[in-house]
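Structural overview
Take a look at the letters that make up each chain.
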Amino acid sequence: MIYNSLNKKSKAAEFPEAVVRGIAPDRGLYFPEKIHRLPDSFFENIEQKSIPEIAFQAIAPFVEGSIPEDELRKIIAETLDFDFPIVPITNQMGTLELFQGPTLAFKDVGARFMARCLGYFNKENTSQKITVLVATSGDTGGAVANGFLGVPGIEVVILYPKGKVSEVQEQQLTTLGQNITALEVDGVFDDCQDMVKTAFLDEDITQHKQLTSANSINVARWLPQMFYYFIAYRALKKINKPLVVSVPSGNFGNICAGLMAREIGLPIDHFIASTNINDVVPDFLSSGVYTPKKSSPTISNAMDVGDPSNFIRVLKIFGDDFDSLKETLSGFRFTDDETREALKEIHEISGYVADPHGAVGYLGLKEYLKDHPEKYGIFLETAHPVKFLDTVEDTLNIKVDIPERLKDTLSKTKKSIEIQDYQGLKDFLLR
Ligand SMILES: *Cc1c(COP(=O)(O)O)cnc(C)c1O
């Protein structure tokens, strides 16, 4: 499969090159040249197929020619090595829990898939390691660190802002060891992000090191997120109602994967982009004008994105046709107060403890279903409530149980290297 840059200036790339580069040299996002469709018969007996088999059929055409079948099946089995339960909330909706992976956030699937692809591509090349350089404001770093842990030929360097991530998140970044190094930056997230961008353009470094990024612009992190939507459809087909999915969205990688799943044939009736007050996309859907903004902090902070990178891919899926986009995608935005009220409401009606991101997804779904009572909906639960412990416990007046695997992480010893500025990062990379 060939990938083109959406900025149209760089050469097309095969899947491995697109994964190793992350972003095209013209700074455009990679997008598959062809979109295959699965036959209708595939969906007729989908409930009898296993999840790894479905995942294999969905993604195989996107990696065609670069990973042999048995290897791809192995990568998928390891990527999806945990549960994806659906919990009923009302008789018209449920939630799909995507947080049962090792770092308790949905980013585990993309990070694990990408890590294994990169490990496979780099297997023959023992002389040059690939360095994954990533800045994190919290969840991405943990999922990437965990996904790449112990992958041969790959070194991972994570930059995080000192004192600005939660205790759980910091422990997930700093206690793994092996091929993972955490750099604690004296600054804010934007400083970390700037340093990473500078390093990618610094020839002193790139002459010696093959650098790549691991955020959702990377095709190997983006596309495996299609699996969630297949899993949902497989479980809910028996309800025999049009299925709508509400996705708590920030950088729009997850929902864009859902729309891609639909594009290859998955019968999902409608998508809802649910955001916090960082509402560029809901605003675009109602006004037709795309106006990026500076991001504002909220209690659903993994969605505090003012100019979502993946939205350009969403437009591309719809051939830049605003009307057909609006037929398939609705958008709603909610404040922190509304999100807290939703946490309480979900708990009252069902006993379910959601996290703030899931609660935003719930609100978007509820809004949409008001006008479409004949449909069935799910909202995605993108993080375990324990990752946003203070907000959830204060709002619901309850204690949230800490999962066993997290207790283990919390008891380990933190190891990080403090750096003051860009020179600190450069010295580390060239050491
Ligand atoms: C990253 C993240 C999101 C947003 O996902 P996008 O793909 O960036 O839209 C939502 N919820 C949680 C918990 C996240 O970590």
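Predicted model only: the values in this text are computed from it and were never measured.

Okay, the site of the ligand next. In the region of the ligand, 15 residues are neighbours, and Lys107, Gly250, Asn251, Phe252 and Thr382 sit closest. Within the side chain of Thr382, one N or O atom sits 2.8 Å away from a nitrogen atom of the ligand. Among the residues making up the shell around the ligand, the classes are represented as 6 nonpolar, 7 polar and 2 charged.

The tally for this structure, following the rule as stated, stands at 19 aromatic pairs. Ring geometry for Phe43 and Phe230: centres 6.3 Å apart, planes at 20°, overall stacked. Of this pair, Phe43 sits in helix H2 (residues 40–44) while Phe230 sits in helix H11 (residues 226–236), and the two are 187 residues apart along the sequence. Phe230 carries the same exposure label as Phe43, and that label is buried. Through pairs of rings, three or more aromatic residues link up here, namely Phe82, Phe84, Phe106, Tyr228, Tyr229 and Phe271. For the cation-ring pair, Lys49 lies above Phe42, with the distance from its terminal atom to the ring centre recorded as 4.5 Å. Looking at Arg73, its charged tip hangs above the ring of Phe56, at a distance of 3.9 Å from the centre.

One can describe the packing of helix H3 (residues 51–59) onto H11 by two numbers: an axis separation of 10 Å at closest approach and a directional angle of 130°. Judged on the interaxial angle alone, H11 and H3 are oblique. Between H3 and H11 lies a crossing whose hand is right-handed. Between H3 and H11, the contacting residues are Ile51, Ile54, Ala55, Ala58 and Ile59 on the first element and Met226, Phe227, Phe230, Ile231 and Arg234 on the second. Looking at the contact of H3 with H11, its residues break down into 9 nonpolar, no polar and 1 charged.

Let us look at the nonpolar core. Among the nonpolar cores identified, the biggest contains 98 residues, and Phe15, Phe148, Met226, Tyr229 and Phe230 are the most heavily contacted of them. When residues of this core are assigned to their parent elements, the largest contribution, 9 residues, is made by H11. Those residues in contact with Phe230 that sit more than four places away from it in its chain are Leu38, Phe42, Phe43, Ile46, Ile54, Ala58, Ala261, Ile264 and Leu266. Of all hydrophobic cores here, the second largest spans 27 residues; its members include Ile89, Ile346, Tyr362 and Phe379.

This part is about the environment of Arg27. Within the fold, Arg27 resides in the loop between helix H1 (15–21) and strand S3 (30–32). A sequence separation of 18 residues divides Arg27 from Lys9, and the C-alpha atoms of the two residues are 9.2 Å apart.

Checked against the element boundaries, Leu430 lands in the segment after helix H20 (422–429). Along the backbone, Leu430 and Lys209 are 221 residues apart, and their C-alpha atoms lie at a distance of 8.6 Å.

Another aspect to go through is the sheet that holds strand S8 (residues 180–185). A sheet is described by the order of its strands in space; here 5 strands give the open sequence S9-S6-S7-S8-S14, paired in parallel fashion. Each of the sheet's edge strands pairs with one partner strand only, and the pair in question is strand S9 (210–212) and strand S14 (417–419). When the angles between neighbouring strand axes are averaged without regard to direction, this sheet yields 30°. Pairing analysis gives 3 bridges linking strand S6 (residues 130–135) to S9, with the strands arranged parallel. Across the sheet, Thr131 pairs through a bridge with Leu211, a residue of S9. Those strands touched by helix H6 (residues 139–148) are S6, strand S7 (154–161) and S8, and its axis lies near 165° from that of S7.

One water molecule sets the probe size; rolling that probe over the atoms shows where empty space is left. The tally for this structure, following the rule as stated, stands at 2 cavities of 30 Å³ or more. A volume near 40 Å³ is recorded for the largest cavity. Contributing to the lining of the largest cavity are Ile51, Ile54, Ala55, Phe227, Phe230, Ile231 and Arg234. Where the lining of the largest cavity is concerned, the elements lending two or more residues are H3 and H11. Residue contributions to the lining of the largest cavity peak at 4 residues, all from H11. Grouping the amino acids of the lining of the largest cavity by side-chain chemistry returns 6 nonpolar, no polar and 1 charged. In this structure, the second largest cavity encloses a volume near 30 Å³. Surrounding the second largest cavity, Ser249, Gly250, Phe252, Thr275, Asn278, Val280, Val281, Val305 and Pro308 form its lining. Residues belonging to the lining of the second largest cavity are distributed by class as follows: 5 nonpolar, 4 polar and no charged.

Turning our eyes to something else, we now look at the pairing of S6. For S6, the buried fraction is high: 6 of the 6 residues fall into the buried class. Summarising the sheet, S6 and S7 pair through 6 bridges and their orientation is parallel. Bridge pairing in S7 places Val132 opposite Val156. The parallel pair S6 and S7 is bridged by H6, and the resulting crossover is right-handed.

About the cut-offs
Residues numbered from 1 in each chain as written. Predicted model: local features only at pLDDT ≥ 70, side-chain atom pairs only at ≥ 80, totals over all residues. Heavy atoms only, no water. Near = heavy atom within 4 Å. Polar contact = N/O pair within 3.5 Å; in protein donor to acceptor, adjacent residues only side chain to side chain. Nonpolar A, V, L, I, M, F, W, Y, C, P; charged D, E, K, R; others polar. Phe/Tyr/Trp six-rings, centres within 6.5 Å; stacked < 30°, edge-to-face > 60°. Helix = DSSP H or I, 4+ residues; strand = E, 2+ residues; numbered from the N terminus. Buried < 20%, exposed > 50% of the residue type's maximum accessible area, 1.4 Å probe, protein only. Lys NZ or Arg CZ within 6 Å of the ring centre and 35° of its normal. Axes fitted to C-alpha atoms, helices over the stretch in contact; angles between N-to-C directions. Parallel < 35°, antiparallel > 145°, perpendicular 65-115°, else oblique. Left-handed = near helix turned anticlockwise from the far one by under 90°. Contact = heavy atoms within 4.5 Å. Core = buried A, V, L, I, M, F, W, Y, C linked by side-chain atoms within 4.5 Å. Pairing = 2+ DSSP bridges. 1 Å grid on protein atoms, 1.4 Å probe; cavity = no way out; pocket = protein on both sides within 12 Å on 5 of 7 lines; lining within 4 Å. Points joined across faces, edges and corners; volume = space filled by probe spheres on them. Right-handed = clockwise from strand over helix to strand, strands pointing away.

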